[in-house]
Amino acid sequence: MATTTETFVIVGAGLAGAKAAEALRREGFEGRLVLIGDEPERPYERPPLSKDYLRGETAERPYVHGESFYSENEVELWTSTRVSGINANLRELWLEGDQRLSYDRVLVATGAVPRRLDVPGAELDGVHYLRTVADSERIGERIEQGQRLVVVGSGWIGAEVAASARQKGCEVTMIEMGSLPLERVLGPELGQIYVDLHRGHGVEFLPETTVDRFEGHRSVERVVTHDGSSIETDFVVAGIGVAPRAGLVETAGVRVDNGVLVDEHLEASVPGVFAAGDVANARHPFYGRHIRVEHWANALKQGPVAARAMLGKPASYDEIPYFFSDQYESGMEYSGYATEWDEVVFRGEVAAHEFVAFWLKDRRLVAGLNMNVWDASEPIRELIRSRRSLDPRDLVDPTVPLSGLAEAEPALAGTDALSAWASEGGAL
Ligand SMILES: Cc1cc2nc3c(=O)[nH]c(=O)nc-3n(C[C@H](O)[C@H](O)[C@H](O)COP(=O)(O)OP(=O)(O)OC[C@H]3O[C@@H](n4cnc5c(N)ncnc54)[C@H](O)[C@@H]3O)c2cc1C
């Protein structure tokens, strides 16, 4: 159990870090608590940065807590401060400027950083990436002027930025190296729905296309693709994935593999070091393997679990992954973790974008997505967790309540089949 003389440090003042600080005080930690972040802002949530905040529909920054929360809870919030390394033997953090800070337990909640394009002209003004509130404000100014935009990559960030920009009247071209938007996670069936959605809203979608170079005088003026075609533009947003920011633990000898490797209690390979949120590649008891999830709900819930574990209390993270996305008038929630499936079935009106999609592997539900249909994600997670053998006809039939299916018959025993389909690497 922690004592009042101990110092707990959280590196990374994002959602996971802020929620961990809140939970530490709620769980009764009375020692010194320092929350360190390299951004000038207090912790905020990122989902609005590609949605209403980007479109200027709200001027309020989406802070996790009110300003007074930190002083009221005696959380020392150090903003604009970067931690450059950890000495786990001395239990000491190195801060930029040669400052040191001793800790008893440290939580690494440093998130992820956008991958950058490595092509000629990538450094030109007007080539943007989206991670921070400052990025969102810069891109938002361009969008407000209704300029021409090329989006590189049609993952979640690219797809949401394209939708927001179209909603504000920009001319949008989306370049994708694969065939369809969001195909890596959702597969071709859902990818087709999303390409129709974007094209239906006037986005020019270019599949199997990569950027050869950007051209322009100081600011980007055109994108030249691999086949020599050129697209005139006023600005570019690249959403080509993120990399976990795990560099600072390497000096501590902590095991890193696609993020900070942690066990189900979110503790790393070196005692006293924990990790949560986008940076954590955590052993998941349900899936029987490590998974790294780059989504809001994971950061929200892992922070408090890490806090309990830091206090030596029983804590294990076994939530079924969940995320949401809003594009135009289509909101969706996805639950599960599907890397392989043999069948996708639909309930509802696909053409009207009011449906639930189910991914099945050996008749077990591995993931579900509900678009413009609400109250489905909880039963979907229960069904996944139940590991029941399902009849796809029940999933398709809107008169069969999803919540009833999880209790319909005994679960199939064992996790072997599940572990067998789960392939290593990557993040959701
Ligand atoms: C534009 C955008 C839209 C999104 N929309 C959705 C959505 O619709 N649905 C969804 O489920 N998820 C969404 N996400 C993902 C979600 O926001 C992330 O999963 C979540 O922010 C992860 O939280 P985190 O606390 O782990 O990391 P972060 O929010 O990245 O916070 C980590 C913080 O640590 C700081 N830091 C890093 N290294 C250091 C260091 N060495 N020293 C000090 N500080 C450091 C970083 O600067 C950052 O402030 C979105 C993300 C973005 C960028």
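The notes below deal with the structure included here. (Residues numbered from 1 in each chain as written. Predicted model: local features only at pLDDT ≥ 70, side-chain atom pairs only at ≥ 80, totals over all residues. Heavy atoms only, no water.)

With respect to the pattern of salt bridges
And step 1. Within the structure shown, the criterion is met by 29 salt bridges.
And step 2. Of the charged contacts, one joins Asp 212 and Arg 213 as a salt bridge, the two residues approaching to 2.7 Å between their closest N and O atoms.
And step 3. Of the residues examined, Asp 212 reaches a relative accessible area of 34% and is grouped as partly exposed.
And step 4. Since its relative accessible area comes to 30%, Arg 213 is described here as partly exposed.
And step 5. A single salt-bridge network, built from bridges that share partners, covers Asp 212, Arg 213, Glu 215, Glu 221, Arg 222 and Glu 232. (Salt bridge = Lys/Arg side-chain N within 4 Å of Asp/Glu carboxyl O. Buried < 20%, exposed > 50% of the residue type's maximum accessible area, 1.4 Å probe, protein only.)

Description of the site of the ligand
And step 1. Among the 35 residues in the neighbourhood of the ligand, the closest are listed as Asp 38, Glu 39, Arg 46, Lys 51 and Arg 131.
And step 2. Separating an oxygen atom of the ligand from a side-chain N or O atom of Arg 46 is a distance of 2.6 Å.
And step 3. Separating an oxygen atom of the ligand from a side-chain N or O atom of Arg 131 is a distance of 2.7 Å.
And step 4. Compared with its free state, where it exposes 1000 Å², the ligand has 96% of that area covered by protein. (Near = heavy atom within 4 Å. Polar contact = N/O pair within 3.5 Å; in protein donor to acceptor, adjacent residues only side chain to side chain. Areas by Shrake-Rupley, 256 points an atom, 1.4 Å probe, with all protein chains shown as cover.)

Some words on the packing of helix α1 (residues 15–26) against helix α6 (residues 296–310)
For any two helices packed against each other, one specifies the crossing angle of their axes together with the interaxial distance.
And step 1. Interhelical geometry of α1 versus α6 gives an angle of 35° and a closest axis separation of 7 Å. The crossing of α1 and α6 is right-handed. Contacts from Leu 15, Ala 16, Lys 19, Ala 20, Ala 23, Leu 24 and Arg 26 of α1 reach α6 at Trp 296, Ala 299, Leu 300, Gly 303, Pro 304 and Ala 307.
And step 2. Here the contact of α1 with α6 is built from residues that sort into 10 nonpolar, 1 polar and 2 charged. (Axes fitted to C-alpha atoms, helices over the stretch in contact; angles between N-to-C directions. Helix = DSSP H or I, 4+ residues; strand = E, 2+ residues; numbered from the N terminus. Left-handed = near helix turned anticlockwise from the far one by under 90°. Contact = heavy atoms within 4.5 Å. Nonpolar A, V, L, I, M, F, W, Y, C, P; charged D, E, K, R; others polar.)

A closer look at the sheet that holds strand β25 (residues 354–361)
And step 1. Here we have 5 strands laid out as an open sheet, ordered β22-β23-β26-β25-β24, and antiparallel in their pairing. In this open sheet, the two edge strands, each paired with only one partner strand, are β22 (322–327) and β24 (343–349). Between one strand and the next, the sheet's axes are offset by a mean angle of 15°, whatever the strand orientation.
And step 2. Contacts from helix α4 (residues 156–167) reach β22 and β23 (330–336), with the element oriented near 25° to β22.
And step 3. Sheet contacts for helix α7 (residues 377–386): β22, β23, β25 and β26 (364–371); angle to β26, the most-contacted strand, approximately 170°. (Pairing = 2+ DSSP bridges.)

As for the sheet that holds strand β13 (residues 211–215)
And step 1. An order of β13-β14-β15 is seen for the 3 strands of this open sheet, with the pairing classed as antiparallel. Each end of this open sheet is capped by a strand with a single partner; those strands are β13 and β15 (230–232). Averaged over all pairs of adjacent strands, the angle between strand axes in this sheet comes to 20°, irrespective of strand direction.
And step 2. For strand β14 (residues 222–225) and β15, the ladder comprises 3 bridges, and the chain directions are antiparallel. Residue pairing for β15: Val 223 is matched across the bridge by Ile 231.

Some words on the environment of Leu 311
And step 1. Looking at the secondary structure, you find Leu 311 in the loop between α6 and β22.
And step 2. Sequence-wise, Leu 311 and Ala 406 are 95 residues apart; in three dimensions their C-alpha atoms are separated by 35 Å.

Details of unusual backbone geometry
And step 1. Of note in the backbone geometry, Leu 182 takes a positive phi value of approximately 60° without being a glycine.
And step 2. As for its placement among the helices and strands, Leu 182 is situated in the loop between β11 (171–175) and α5 (183–200).
And step 3. At Asn 258, a position not held by glycine, the phi torsion is positive, near 55°.

Structural notes on the packing of aromatic side chains
And step 1. Within this structure, the stated rule accounts for 11 aromatic pairs.
And step 2. Taking 6.5 Å as the distance between ring centres and 85° as the angle between the ring planes, the aromatic pair formed by Trp 156 and Tyr 194 counts as edge-to-face. Of the two residues, Trp 156 sits in helix α4 while Tyr 194 sits in helix α5, which places them 38 residues apart along the sequence. Across the pair, exposure class does not vary: Trp 156 and Tyr 194 are buried alike.
And step 3. A centroid spacing of 5.6 Å and a plane angle of 80° characterise the contact between Trp 296 and Phe 324, whose relative ring orientation is edge-to-face. On the criterion of sequence distance, the pair formed by Trp 296 in helix α6 and Phe 324 in strand β22 is long-range, its members being 28 residues apart.
And step 4. Assessed through its relative accessible area of 28%, Trp 296 is described here as partly exposed.
And step 5. Here the aromatic residues Trp 156, Tyr 194, Phe 323, Tyr 334, Trp 341 and Trp 359 are joined through ring pairs into a cluster of three or more.
And step 6. Lying over the aromatic face of Phe 286, Arg 387 brings its terminal NZ or CZ to 3.8 Å of the ring centre. (Phe/Tyr/Trp six-rings, centres within 6.5 Å; stacked < 30°, edge-to-face > 60°. Lys NZ or Arg CZ within 6 Å of the ring centre and 35° of its normal.)

Digging into the nonpolar core
And step 1. Grouped together as the largest cluster of nonpolar side chains are 59 residues, with contacts concentrated most on Val 9, Ile 10, Ile 86, Leu 93, Leu 107, Val 108 and Val 260.
And step 2. The element best represented in this core is α1, accounting for 7 residues.
And step 3. In this structure, Val 260 is in contact with Val 108, Ala 246, Val 249, Val 254, Arg 255, Ala 268, Ala 275, Val 279, Ala 280 and Asn 281, ignoring residues within four places of it in sequence.
And step 4. Residues Trp 156, Ala 165, Val 237 and Val 366 belong to the second largest nonpolar core, which totals 44 residues. (Core = buried A, V, L, I, M, F, W, Y, C linked by side-chain atoms within 4.5 Å.)

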